[in-house]
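# Overview (structure and organization)
Residue-level listing of the chains:
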Amino acid sequence: YLLCDASGDYAVIEHINGEFKCYLNDSSIYTFICNDSFEKSAKDLKKYQDFGGEIPLITTFEKYSPEEAVVIGASMVKNYDKITSIESYAFQIMNKVQAPRSTPQHKSYGSQWSVVYDCKNAKLTFKTLDNTEIRVIELNTIDFNCKQYIKALSVVDSKAQNIYSQFNNFTKEDNKIFFKQAICIYYGTEALPPELDKEIEMAAEFPYSYTCKKENK
């Protein structure tokens, strides 16, 4: 997990082989990580030129490996020109290391979504594989009143214009349906084993066990 806040502090949280690890404001990977542990990513990065090693820098995402991604991503972060907007540059980095759709040589579902979080301004900007229109959600404009019903937005079908009107009520049953559909797609099956089906129901219901409490300031 990657955490960050409006002050600029950030942390990578990992649970590996039952061990909890936290890397706070550690610049070893230049704030870039992709589908691998922090320790391995930092070790891989040190093998390349510009990061203390001798191997020439990777500039093309060809093998679609975490090592390739961290070298390309960290190098782009390190060489940020401070002229391009951070948001645009973040999308440039993600475009550079995005997973492609499946090819005869490489089975992949592709990078389904790309999101840029602006913690300082409480804003997130996103696009998806099948809907590349850039959409923006400003959290400060959303009513988080405890009496509000839980709502959700389709990241695939939503449009940039009037995006807040596209949020719809999202029930526990809706969550179960989407959860099961996603797992079926992942495993390439139309039906799930009874034991897995029960686990999915528990996971889908868990978010609805939280209660909302407004604190007085």
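Residues numbered from 1 in each chain as written. Predicted model: local features only at pLDDT ≥ 70, side-chain atom pairs only at ≥ 80, totals over all residues. Heavy atoms only, no water.

### Focus on the nonpolar core
Grouped together as the largest cluster of nonpolar side chains are 15 residues, with contacts concentrated most on Phe32, Val71, Ile72 and Val97. Of all the elements in the fold, those that place two or more residues in this core are α2 (66-78) and α3 (86-96). The leading source of residues in this core is α2, at six residues. Setting aside residues up to four positions removed in sequence, Ile72 forms contacts with Ile58, Thr59, Thr60, Phe61, Lys96 and Val97. (Core = buried A, V, L, I, M, F, W, Y, C linked by side-chain atoms within 4.5 Å. Buried < 20%, exposed > 50% of the residue type's maximum accessible area, 1.4 Å probe, protein only. Helix = DSSP H or I, 4+ residues; strand = E, 2+ residues; numbered from the N terminus. Contact = heavy atoms within 4.5 Å.)

### Thoughts on the sheet that holds strand β2 (residues 10-16)
Sheet strands line up and pair through hydrogen bonds in the backbone, either parallel or antiparallel. Strand order across the open sheet formed by three strands is β1-β2-β3, with antiparallel pairing between neighbours. Of all the strands in the sheet, the pair left with one neighbour each is β1 (2-4) and β3 (19-24). Adjacent strand axes in the sheet meet at a mean angle of 20°, parallel and antiparallel pairs treated alike. Sheet analysis places β1 next to β2, joined by three bridges and oriented antiparallel. (Pairing = 2+ DSSP bridges. Axes fitted to C-alpha atoms, helices over the stretch in contact; angles between N-to-C directions.)

### Examining the packing of helix α4 (residues 172-187) against helix α5 (residues 194-205)
Between α4 and α5, the shortest axis-to-axis distance is 9 Å and the interhelical angle comes to 135°. Classed by the angle they form, the pair α4 and α5 counts as oblique. In the packing of α4 onto α5, the handedness of the crossing is right-handed. Residues Lys172, Asn175, Lys176, Phe179, Lys180, Ile183 and Tyr187 of α4 touch α5, and the partners they reach there are Leu196, Asp197, Ile200, Glu201, Ala203, Ala204 and Glu205. Grouping the constituent residues of the contact of α4 with α5 by class yields seven nonpolar, one polar and six charged. (Parallel < 35°, antiparallel > 145°, perpendicular 65-115°, else oblique. Left-handed = near helix turned anticlockwise from the far one by under 90°. Nonpolar A, V, L, I, M, F, W, Y, C, P; charged D, E, K, R; others polar.)

### Side note on the pattern of salt bridges
Inspection of every chain in the model, using the stated rule, returns 12 salt bridges. Between Lys123 and Glu87 there is a salt bridge, with the nearest N and O atoms lying 3.7 Å from each other. Remark: Glu87 occurs in helix α3 and Lys123 occurs in strand β7 (residues 123-128); sequence separation between them is 36 residues. Its salt-bridge partner being Lys180, residue Glu201 comes within 3.2 Å of it at the nearest N-O pair. Residue Glu201 is found in helix α5, and its partner Lys180 is found in helix α4; the two are separated by 21 residues along the sequence. For Glu201, a relative accessible area of 27% puts it in the partly exposed group. Lys180 gets classed as partly exposed once you look at its relative accessible area, which sits at 22%. (Salt bridge = Lys/Arg side-chain N within 4 Å of Asp/Glu carboxyl O.)

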